[in-house]
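# Residue-level structural notes
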Amino acid sequence: SGIERINAILNSKNNSYTDIGCYQATDLIDDIMHEFQKEKLNLQVNSNFWVYGSKEGIKTVISNLVRNAIKYAGEHATISITLNKGNEIIVEDNGFGIAPAVKKEIFKSNVTTAGHGYGLTLCKKIIDDHQGTITCHSEIDKGTKFVIRL
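Conventions adopted
- Residues numbered from 1 in each chain as written.
- Predicted model: local features only at pLDDT ≥ 70, side-chain atom pairs only at ≥ 80, totals over all residues.
- Heavy atoms only, no water.
- Helix = DSSP H or I, 4+ residues; strand = E, 2+ residues; numbered from the N terminus.
- Buried < 20%, exposed > 50% of the residue type's maximum accessible area, 1.4 Å probe, protein only.
- Contact = heavy atoms within 4.5 Å.
- Arc of directions from axis to C-beta.
- Pairing = 2+ DSSP bridges.

Moving on, we come to the overall build of the protein chain. Scanning the protein chain for helices and strands turns up five helices and seven strands. Secondary structure elements of the protein chain occur, N-terminal to C-terminal, as α-β-α-β-β-α-β-β-α-α-β-β. Across the 150 residues that make up the protein chain, the buried fraction comes to 43%. Taking all contacts inside the protein chain whose residues are at least 6 apart in sequence as the whole, residues at least 24 apart take part in 70%.

Right under this line is the structure:
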């Protein structure tokens with residue numbers, strides 16, 4: 001099942017990605033934009049850069065962040081993906097935001113406002129496997145921003 005697969009990834013000591021390579025960040029984002037073409041997504045490319053790692057792994061992270069924003073930000077929210085210098089990918093919305101108590105634990109297993117509570121834990125594991133960082137910034141009624149640095 002999907003949850004068993006997620007648990008296997010979360011419990012692995014080393015990554016088992018089979019698609020390691022160099023990819024342009026815009027290629028990753030183009031795939032995401034196509035996946036969510038029916039949604040209101042804004043894209044801002046301030047810098048294009050090379051990403052070394054698993055294309056599917058990084059796409060999984062960005063897709064999960066976009067999917068969460070669509071699900072939780074509210075139907076009138078704007079969702080943006082921004083590529084910045086310093087190998088930075090930002091997924092941001094202007095929705096409801098995340099409560100401080102939840103935000104503090106956001107990357108831990110079973111922390112959720114709905115769903116199973118594995119998505120952001122998986123995102124953190126994938127980014128950690130790529131020697132990157134992922135952080136969450138959020139304010140109630142102002143929105144949420146996830147910053148990935150690779």
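Those residues of helix H2 (residues 25-35) that sit buried are Ala25, Thr26, Leu28, Ile29 and Ile32. Buried positions in H2, seen along its axis, are confined to an arc of 155° and lie on one side of it. Looking at the buried side of H2, the elements it contacts are strand E1 (20-24), strand E2 (41-45), strand E3 (50-54), helix H3 (55-72) and strand E4 (79-84).

In this section: the pairing of E4. Burial runs high along E4: six of the six residues are buried. With burial as the criterion, each face of E4 is covered, one bearing Ile79, Ile81 and Leu83 and the other bearing Ser80, Thr82 and Asn84. Summarising the sheet, E2 and E4 pair through five bridges and their orientation is parallel. When the sheet's bridge partners are listed, leucine 41 is paired in E4 with isoleucine 79. In the sheet, E4 pairs with strand E5 (residues 88-93) via six bridges, with the strands oriented antiparallel.

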